[in-house]
Structures are given as C-alpha cells and as structure tokens.
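Residue-level structural notes
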Amino acid sequence: MSTSSAPVQSGGESVGSAVSGIDNACERLPAVQAWSGRAHDAAGEMFGRADAAAQRFSEYASAVAAALSGGAESIGSARTILLAKADELDAGPLNVTDQWVVLIDPAYMSEEQVANLQALALEEQGAVNAMLVAVGEADEATANAVLAAGNKFGFVQETGSEAGLTGLTGLLVPVVQRPGDEVLDPRSPVGMMAQEAVRSADEAQNIREVIESTDEYGNEVTTAIKQDGSKP
C-alpha cells in the first residue's frame, strides 16, 4: 500500500503539469507566434478550464495518496505488533496458526502441564485477538479515509439503482462491496466458534502421554492419551 501511494501522487501531478503546460503555451502564443483574436481567446478559455480541472484532479490524487500512505503506516504498525506477538508465542510451548489461533505444541506432558498450557493458550488468545482487531480497525479506517478523500471531490459510491438494478434486485445485489476478511472477526460469535473448533480439533489430535500396560490376559496394551484427555 505504501508503494502504491507514490504512483497515485505522481500520476496526478503529471496530469496537472501536462495540462498546465499546454495552457501556459497557449497564453504565450500571441508573443511567440503572433496569434491573437477570437480563436486564440476561445482556445485560451478552453485550456484554462482544462487546467482548472486537471489541477483539481491532481488534488484528488494527492488526497487519495495521502490516505493510502497514512493507512499503510497505521496498518503496518498494528501488523508488526501482531507478528511480534506470534513470534514470541512460537518460541515457547505454544504456536499460532495462519488463522491466528493459539495452540499447544505437540509434546509429551502430564495432565497438569496440559491444563496449565490450555489456560495459558486461552489467555494469550485474548491478547492475539486484541491485536488482530487493531489490524482490522486500521484497515477499515484506511478504506474509509480513501472514500472520504474521494467524497470531497465528488466521488459517489455506485448503488444498485445507479447501476441499472432496480426493485428487489437492486437491494439484494451489492454493486460496490468491500472484500471479506480472510480471518473471521474474533469478536463475533462465528469467529469465536471458529477459533474454538480449530483448538478442539488440534487437542483431539495431539498425543500428550503414552501408557504401556498389560491386561488381565497378559497382553501388552499401549494407550495414547490426547491433549483433550480423549483416548483412541
């Protein structure tokens, strides 16, 4: 995002400079080419209007570029904090998935150790969720800032009716819609359930203890106990 703001800025400035150059050249024509009269005046007015429009376009591009640049900074800062937390957890007995779910590393341990790590994982999940929400809020604020920059220059989001969709179709089909998040909002019930589902599935898969014993018939029995306490 930070790299995209510069081309937007320079592109707007290029358009403004190019049209201004034409307008200035037209104004110099009477002295250079001895061209004057009604045709020259009409051309001067035309390029004057074009210059005003080009300068407004340049200001529009600058406003959008500023919104992108500011958003890149806020999102980058929040993201750096989140990634640092993930690295911290990965260095210990826990790990963080691509979906930002805090899990216990696969390892042999006692029931008490697992219980302590389960409590720690839930505690750290709360911290990770807060940081994840901060990234989402920075992203949302950036999108709003870009729209606000456009609104100052007359940009209007297209609605269903403006796109030719009328009646119920226009209400049900969003013409302009922000892309969905790859990671569900951990504050929502669906997001919380999704995290719990990942955690439960992981604990039901990882073995925490293996017990060797002999049954009443003298057969050797190997019992594997999972992190959630279940046995296969």
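These remarks concern the structure in this document.

Conventions and cut-offs
- One numbering rule holds for all chains: residues counted from 1, following each sequence as written.
- Where local features are concerned, this predicted model is filtered to residues with pLDDT of at least 70; where side-chain atom pairs are given and counted, the filter is 80 or more; whole-chain, interface and lining totals use all residues.
- Here the side-chain values reflect all heavy atoms present in the structure, with hydrogen atoms and water set aside.
- Numbering of helices and strands runs from the N terminus; a helix is a DSSP stretch of H or I covering at least four residues, while a strand is a stretch of E covering at least two.
- Per-residue accessibility, obtained with a 1.4 Å probe over protein chains only, is compared with the maximum for each type, and a residue is labelled buried under 20%, exposed over 50%, and partly exposed between these values.
- The contact definition used throughout considers only heavy atoms, calling two residues in contact when any of these lie within 4.5 Å.
- Where accessible areas are quoted, they stem from the Shrake-Rupley method and a 1.4 Å probe; at the residue level, only the protein chains shown are allowed to cover.
- In short, DSSP must find at least two bridges between two strands for them to pair.
- We define a salt bridge as a side-chain nitrogen of Lys or Arg found within 4 Å of a carboxyl oxygen belonging to Asp or Glu.
- Expected helix span is computed as 1.5 Å times (number of residues minus one).
- Comment: arc refers to directions from the helix axis out to C-beta atoms.
- To define axes, lines are fitted to C-alpha atoms, for helices over the stretch in contact only, and angles between the resulting N-to-C directions are given on a 0 to 180 degree scale.
- Every angle not falling under 35 degrees, over 145, or within 65 to 115 is termed oblique; those three ranges are roughly parallel, roughly antiparallel and roughly perpendicular.
- Crossings are assigned a handedness: left-handed for a near helix turned anticlockwise from the far helix by less than a right angle, right-handed for a clockwise turn.
- When residue character is reported, Ala, Val, Leu, Ile, Met, Phe, Trp, Tyr, Cys and Pro are called nonpolar, Asp, Glu, Lys and Arg charged, and the others, Gly included, polar.

**What to know about the overall build of the chain**
- Broken down by element type, the chain carries 5 helices and 4 strands.
- Reading the secondary structure of the chain in the N-to-C direction produces α-α-β-β-α-α-α-β-β.
- When each of the 232 residues of the chain is scored for burial, the buried share is 26%.
- Long-range pairs, those at least 24 residues apart, make up 59% of the contacts in the chain with a sequence separation of at least 6.
- For the chain, the accessible area works out to roughly 14400 Å², and carbon and sulfur atoms hold 57% of it.

**Observations concerning the pairing of strand 4 (residues 220-226)**
- As paired strands, strand 3 (residues 207-214) and strand 4 are joined by 7 bridges and run antiparallel to one another. When the sheet's bridge partners are listed, Ile-207 is paired in strand 4 with Lys-226.
- Taking the residues between adjacent antiparallel strands as the criterion, strand 3 and strand 4 are bridged by 5 residues, where Gly-218 takes a positive phi near 90 degrees.

**Some remarks on the pattern of salt bridges**
- Counted according to the given criterion, the structure contains 6 salt bridges.
- A salt bridge links Arg-187 to Glu-137; the shortest N-O distance between them is 3.4 Å. With Arg-187 in the loop between helix 4 (167-172) and helix 5 (189-203) and Glu-137 in helix 3 (residues 111-151), this residue pair connects regions lying 50 residues apart in the sequence.
- Residue classification places Arg-187 among the exposed residues on the basis of a relative accessible area of 53%.
- Glu-209 is paired through a salt bridge with Arg-208; the nearest N and O atoms lie 2.7 Å apart.
- Classification of Glu-209 by relative accessible area gives partly exposed; the value is 29%.
- Counted as one network, the salt bridges with shared partners bring together Lys-85, Glu-88 and Glu-124.

**Looking at the environment of Asp-202**
- For Asp-202, the location among the structural elements is in helix 5.
- Judged by its relative accessible area of 18%, Asp-202 is buried.
- For the pair formed by Asp-202 and Pro-106, sequence separation is 96 residues and the distance between their alpha carbons is 9.2 Å.
- Among all residues touching Asp-202, those that are not within four sequence positions of it are Leu-103, Ile-104 and Gln-227.

**Here's the deal with helix 5**
- Helix length check: helix 5, at 15 residues, gives a terminal C-alpha distance of 21 Å against a target of 21 Å (1.5 Å per residue), a fit within 8%.
- Along helix 5, the positions that sit buried rather than exposed are Gly-191, Gln-195, Arg-199, Asp-202 and Glu-203. Projected down its long axis, helix 5 shows its buried positions confined to an angular sector of 100 degrees, all on one face. Exposed side chains of helix 5 directed beyond 90 degrees from the buried face belong to Pro-189, Val-190 and Met-193.
- Where helix 5 is buried, its residues touch strand 2 (102-104), helix 3 and strand 4.

**Describing unusual backbone geometry**
- The phi dihedral of Trp-100 falls on the positive side, at around 65 degrees, and the residue is not glycine.
- Of note, Trp-100 is situated in the loop between strand 1 (94-96) and strand 2.

**Side note on the packing of helix 3 against helix 5**
- At their nearest, the axes of helix 3 and helix 5 sit 13 Å apart, and the two run at 150 degrees to each other. Comparing their axes, helix 5 and helix 3 come out roughly antiparallel. Two packed elements cross with a definite hand, and for helix 3 against helix 5 that hand is right-handed. Across the interface between the two elements, Gln-118, Leu-122, Gln-125 and Asn-129 from helix 3 touch Gln-195, Arg-199 and Glu-203 from helix 5.
- When the residues that make up the contact of helix 3 with helix 5 are grouped by side-chain class, the tally is 1 nonpolar, 4 polar and 2 charged.

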